[in-house]
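Commentary on secondary and tertiary structure
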Amino acid sequence: MSEKCIKYQQDLVDIFYKEKELYDELRLHLNNCEKCSKYWEELEHIKLGLKDIDIIPVDYMQISKAFEQADNIKERRKNIKSLIVFIIFSSIIMSIITLFAIKGYLSEILYFQMTTYMIIPLLLPIIIRKRYIREGYND
Ligand SMILES: [Zn+2]
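A quick note: this is a predicted structure, and the numbers were derived from the prediction, not measured.

Let us look at the domain arrangement of the chain. Where the parts come together, the accessible area they lose is often given as the size of the interface. Domains assigned within the chain are domain 1 (3-55), domain 2 (68-104) and domain 3 (106-139). Between the C-alpha centres of domain 1 and domain 3 there is a distance of 77 Å.

What follows concerns the nonpolar core. Residues Cys 5, Tyr 8, Leu 12, Ile 15, Phe 16, Leu 26, Leu 30, Cys 33, Cys 36, Trp 40 and Leu 43 constitute the largest nonpolar core, which totals eleven residues. Those elements giving two or more residues to this core turn out to be helix H1 (3-16), helix H2 (24-32) and helix H3 (34-55).

Before going further, it helps to spend a moment on helix H4 (residues 60-102). Given a rise of 1.5 Å per residue, 43 residues ought to cover 63 Å, and the 62 Å separating the end C-alpha atoms of H4 matches this to within 8%. Downstream of H4 by one or two residues, Gly 104 has phi in the positive range, about 95°.

Attention now moves to the side chain of Asp 11. Turning to its location among the elements, Asp 11 is positioned in helix H1. Classification of Asp 11 by relative accessible area gives buried; the value is 4%. For Asp 11, the side chain forms a polar contact with the side chain of Lys 20, separated by 2.7 Å. Of note is the side chain of Asp 11, whose polar atom sits 2.3 Å from the side chain of Tyr 23. When near neighbours in sequence (up to four residues on either side) are disregarded, Asp 11 contacts Lys 20, Tyr 23 and Leu 26.

For the zinc ion, every protein donor is listed as Cys 5 (SG), His 29 (NE2), Cys 33 (SG) and Cys 36 (SG), and the spread of their distances is 2.0 to 2.3 Å. Every donor counted, the four donor atoms about the zinc ion form angles of 95 to 116° at the centre, which fits tetrahedral coordination. Written as a sequence motif, the donor residues of the zinc ion are C-x23-H-x3-C-x2-C. Here Cys 5 is found in helix H1, whereas its partner His 29 is found in helix H2, with 24 residues between them in sequence. Overall, the relative accessible area of 7% leaves Cys 5 in the buried class.

Next up on the list: the packing of aromatic side chains. Scanning the model with the defined rule gives two aromatic pairs in all. Relative to Tyr 17, the ring of Phe 16 lies with its centre 5.0 Å away and its plane at 75°, an arrangement referred to as edge-to-face. Between Phe 100 and Tyr 105 the ring centres are 5.5 Å apart and the planes differ by 65°, which places this aromatic pair in the edge-to-face class. With a relative accessible area of 38%, Tyr 105 lands in the partly exposed category.

So, about helix H5 (residues 106-135). Where H5 bends most, at Leu 123, the angle is about 40°, and the proline Pro 125 comes one to four residues later. Downstream of H5 by a residue or two, Gly 136 has a phi angle that is positive, lying close to 80°.

Let us now look at the environment of Glu 34. Examined against the element boundaries, Glu 34 turns out to sit in helix H3. The exposed category is assigned to Glu 34, whose relative accessible area is 66%. Expressed as a C-alpha distance, the spacing of Glu 34 and Ala 101, which sit 67 residues apart in the sequence, is 98 Å.

Thresholds, definitions, all that
Residues numbered from 1 in each chain as written. Predicted model: local features only at pLDDT ≥ 70, side-chain atom pairs only at ≥ 80, totals over all residues. Heavy atoms only, no water. Domains from an automatic or database assignment. Core = buried A, V, L, I, M, F, W, Y, C linked by side-chain atoms within 4.5 Å. Buried < 20%, exposed > 50% of the residue type's maximum accessible area, 1.4 Å probe, protein only. Helix = DSSP H or I, 4+ residues; strand = E, 2+ residues; numbered from the N terminus. Expected span 1.5 Å × (residues − 1). Polar contact = N/O pair within 3.5 Å; in protein donor to acceptor, adjacent residues only side chain to side chain. Contact = heavy atoms within 4.5 Å. Donors = N, O, S within 2.8 Å, 3.2 Å for Na, K, Ca; no water. Tetrahedral: all angles 85-135°; square planar, octahedral: opposite > 155°, others 65-115°. Phe/Tyr/Trp six-rings, centres within 6.5 Å; stacked < 30°, edge-to-face > 60°. Bend = angle between axes of the 7 residues up to and from the residue.

This is the structure in structure tokens:
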């Protein structure tokens, strides 16, 4: 490849990136030099390829749907986690109660249960309020 061809091909790249205009001398060279005209053709092919990439529509709906699904999976994992914590917590309490029952503290357990049934409904508004605040319903 001649020195001149190298220079022309560098110019072709600049023209490809719209940093230069195609000038007559180069146009004439393209008509006469097979290597350079082939090089220019390849650049044009790249351009066409890039156009195809632009044409691919970005499906924003699908993207937002994917994000939504990811959020749902996260939420489900959180729910499973709290369920496991609840199961562990309640089985610990159940074993403690069973242990007390075996040891003969049945009346105490009954008192404890009765107090719990009295107190929990009183706490309910506080629990609901706390949840509202945490989930951001409270504007
Ligand atoms: Zn050439």
